[in-house]
Amino acid sequence: MKAIVYGFFDDRTGARIGRLQIENVALEYQHRGFLRVAWDPLVVLDGVTLEIDAAAIWPDAGVKIVDALRVTGRQNASVLRHVRLRLGGARQSEITAESALLRKDGALELTGVELAAGSTAATLPASGRMCFWLAGPRAGQLTTVPPASADIAALFSAGKTLAQPAP
């Protein structure tokens, strides 16, 4: 499929609150070791642009976006590549990412993040990863994702091992 466009509208007012554009939808076979497996194809959404208006009401807007991103109706079955996120309102910002993954907790995790010139979003994290929350209590928020190695280093510096539960 090519050139897919979704419009998102507020159910109460009918105002447009967002737009999702996908340049290309394709299937790729996943690798299990050195084998390519055909029984669990990966849906790849390439050239994804998500525009969110300042009038979006959260978490209602996020539910519609999550449904649109789950093209096949399967959980965790799609990867987004060449992603552009445009946030309207007081925090006018444009964020581009090499790839993104829609997580089970309702976050769109962006990897390889770059901020466009003139963006007023939070500073770029050292990990190069950010989350735009589409569902849950943080819906509509843009947060940074700490590097995984920092989590492990913090755990060991606190004198804990991986087998011990955190307090």
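Heads up: the structure comes first, above all this text.
Small disclaimer: the values here were computed from a predicted structure and weren't measured.

*Asks:* Just to check I follow, could you spell out the pattern of salt bridges for this structure?
*Replies:* Close approach of charged atoms lets side chains of opposite charge pair. What the rule picks out here adds up to 10 salt bridges. Here arginine 129 and glutamate 109 are joined by a salt bridge, their closest N and O atoms 3.0 Å apart. A residue pair is termed long-range when its members are at least 10 positions apart, and arginine 129 in strand E7 (residues 129-133) and glutamate 109 in strand E6 (residues 107-115) qualify at 20 residues. With relative accessibility at 14%, the residue glutamate 109 sits in the buried group. What emerges from the salt-bridge pattern is a single network uniting Arg16, Arg19, Glu51, Arg84, Arg86 and Glu94.

*Asks:* Can you walk me through the sheet that holds strand E3 (residues 35-52) in this structure?
*Replies:* Through backbone hydrogen bonds, the strands of a sheet pair up, either in parallel or in antiparallel fashion. In space, the 8 strands of this open sheet follow the order E1-E2-E3-E4-E5-E6-E7-E8, with mixed pairing throughout. Bordering the open sheet on either side are strand E1 (2-9) and strand E8 (142-144), each of which pairs with just one other strand. Between one strand axis and the next, the sheet turns through 30 degrees on average, direction left out of account. Summarising the sheet, E3 and strand E4 (residues 78-87) pair through 9 bridges and their orientation is parallel. From the neighbouring strand, leucine 50 faces E4, where its bridge partner is leucine 85.

*Asks:* Would you mind going over the nonpolar core with me for this structure?
*Replies:* A general trend in soluble globular proteins is that nonpolar side chains are found buried together. If you look at the biggest cluster of nonpolar residues, it comprises 32 residues, and the most contacted ones within it are Leu69 and Leu110. Within the residue set of this core, elements represented by two or more residues are E1, strand E2 (16-32), E3, helix H1 (60-69), E4, strand E5 (93-102), E6 and E7. Setting aside its immediate chain neighbours within four residues, leucine 69 contacts Leu20, Leu45, Ser78, Leu80, Leu102, Leu108 and Leu134.

*Asks:* What should I look at first to understand the packing of aromatic side chains in this one?
*Replies:* Centre-to-centre distance and the angle between the planes together describe a pair of aromatic rings. Counted by the stated rule, this structure contains 1 aromatic pair. Taken together, a centroid distance of 5.7 Å and an interplanar angle of 85 degrees make the contact between tryptophan 58 and phenylalanine 132 edge-to-face. Here phenylalanine 132 lies in strand E7 and tryptophan 58 lies in the loop between E3 and H1, a separation of 74 residues in the sequence. The class of tryptophan 58 is partly exposed, set by a relative accessible area of 23%.

What counts and how
- Residues numbered from 1 in each chain as written.
- Predicted model: local features only at pLDDT ≥ 70, side-chain atom pairs only at ≥ 80, totals over all residues.
- Heavy atoms only, no water.
- Salt bridge = Lys/Arg side-chain N within 4 Å of Asp/Glu carboxyl O.
- Helix = DSSP H or I, 4+ residues; strand = E, 2+ residues; numbered from the N terminus.
- Buried < 20%, exposed > 50% of the residue type's maximum accessible area, 1.4 Å probe, protein only.
- Pairing = 2+ DSSP bridges.
- Axes fitted to C-alpha atoms, helices over the stretch in contact; angles between N-to-C directions.
- Core = buried A, V, L, I, M, F, W, Y, C linked by side-chain atoms within 4.5 Å.
- Contact = heavy atoms within 4.5 Å.
- Phe/Tyr/Trp six-rings, centres within 6.5 Å; stacked < 30°, edge-to-face > 60°.

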